[in-house]
Amino acid sequence: TVTYSVVKVVNFKADGAALSIYPNPTKGRVNVLVSDLTGKVSYTIVQLNGKTLLSGAFGNGNSVNTIDVSSLPAGTYLINIIGNQFSKTEKLILQ
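By convention here, each chain's residues receive numbers from 1 onward along its written sequence. In keeping with the predicted nature of the model, local features appear solely for residues at pLDDT of at least 70, side-chain atom pairs appear and are counted solely at 80 or more, and the whole-chain, interface and lining totals rest on all residues. To obtain the side-chain values, all non-hydrogen atoms of the structure were included, while hydrogens and water were left out.

S.K.: Lay out the environment of Leu 92 in plain terms, naming residues and giving numbers.
M.R.: Positionally, Leu 92 belongs in strand β8 (residues 87-94). It is 6.2 Å that separates the C-alpha atoms of Leu 92 and Ile 79, two residues lying 13 residues apart in sequence. Two residues form a contact once any of their heavy atoms are found within 4.5 Å. Apart from the residues lying within four places of it in its own chain, the contact partners of Leu 92 are Asn 24, Thr 26, Val 30, Ile 45, Gly 75, Thr 76, Tyr 77 and Ile 79. Starting at the N terminus, helices and strands are each numbered in turn, a helix being any DSSP run of H or I of at least four residues and a strand any DSSP run of E of at least two.

If you want it as structure tokens, here you go:
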């Protein structure tokens, strides 16, 4: 039997830059809120073995960016968010 935690928001703040990733777990789309950033922000979604499955980039500023992960099978992945001011990796659960 597999059980999942309640939906949560992952918040991260470094050098004035703020990042939120939600919902997590997700059923097909994940939102990444970036604020107070300059320059592009890139992301990769990788399997736990390190294989990159999805990647892309966002613009700067205060914006919510949606990543469609519905093409991936249910499971646990890592989402890497990289900007000029930070780099953050979080676990992403796809139901």
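S.K.: Residues and numbers for the packing of aromatic side chains, please.
M.R.: Classification of ring pairs rests on two measures: the distance between centres of Phe, Tyr or Trp rings, Trp counted by its six-membered ring, which must be within 6.5 Å, and the angle between planes, read as stacked under 30 degrees, edge-to-face over 60 and tilted in between. Applying the stated criterion across every chain yields a total of 1 aromatic pair. With centroids separated by 5.2 Å and ring planes inclined at 20°, the aromatic side chains of Tyr 43 and Phe 58 adopt a geometry described as stacked. Remark: Phe 58 occurs in strand β5 (residues 52-58) and Tyr 43 occurs in strand β4 (residues 41-47); sequence separation between them is 15 residues. Note on classification: 1.4 Å probe, protein chains only; a residue is buried when its accessible area is under 20% of the maximum for its type, exposed when over 50%, partly exposed between these limits. A relative accessible area of 13% means that Tyr 43 is categorised as buried.

S.K.: So, the nonpolar core: which residues are in play, and what are the values?
M.R.: In terms of nonpolar packing, the biggest core is built from 18 residues, with Leu 19, Val 32, Ile 45, Ile 67, Val 69, Ile 79 and Ile 81 touching the most fellow members. Of all the secondary structure elements, the ones that give two or more residues to this core are β2 (17-24), β3 (29-35), β4, β7 (75-82) and β8. In this structure Val 69 touches Thr 26, Gly 28, Arg 29, Val 30, Ile 45, Leu 54 and Leu 94, once residues within four positions along its chain are discounted. What makes a nonpolar core is a set of buried Ala, Val, Leu, Ile, Met, Phe, Trp, Tyr and Cys residues whose side-chain atoms join them at distances within 4.5 Å.

S.K.: Go over the sheet that holds β5, please, and point to the residues and values.
M.R.: Paired strands, as defined in this entry, are two strands with at least two bridges between them according to DSSP. Within the open sheet, the 4 strands sit side by side as β5-β4-β7-β8. Their pairing is antiparallel. Each edge of the sheet is formed by a strand with only one pairing partner; in this case those strands are β5 and β8. Each strand axis lies, on average, 20° off the axis of its neighbour in the sheet, ignoring direction. In this sheet, β5 lies alongside β4 in antiparallel orientation, the contact comprising 6 bridges. Residue Ser 42 lies in a different strand from β5, and its bridge partner there is Ala 57. Only the contacting stretch of a helix is used when fitting its axis, a line to C-alpha atoms as for every element, and angles between N-to-C directions run 0 to 180 degrees.

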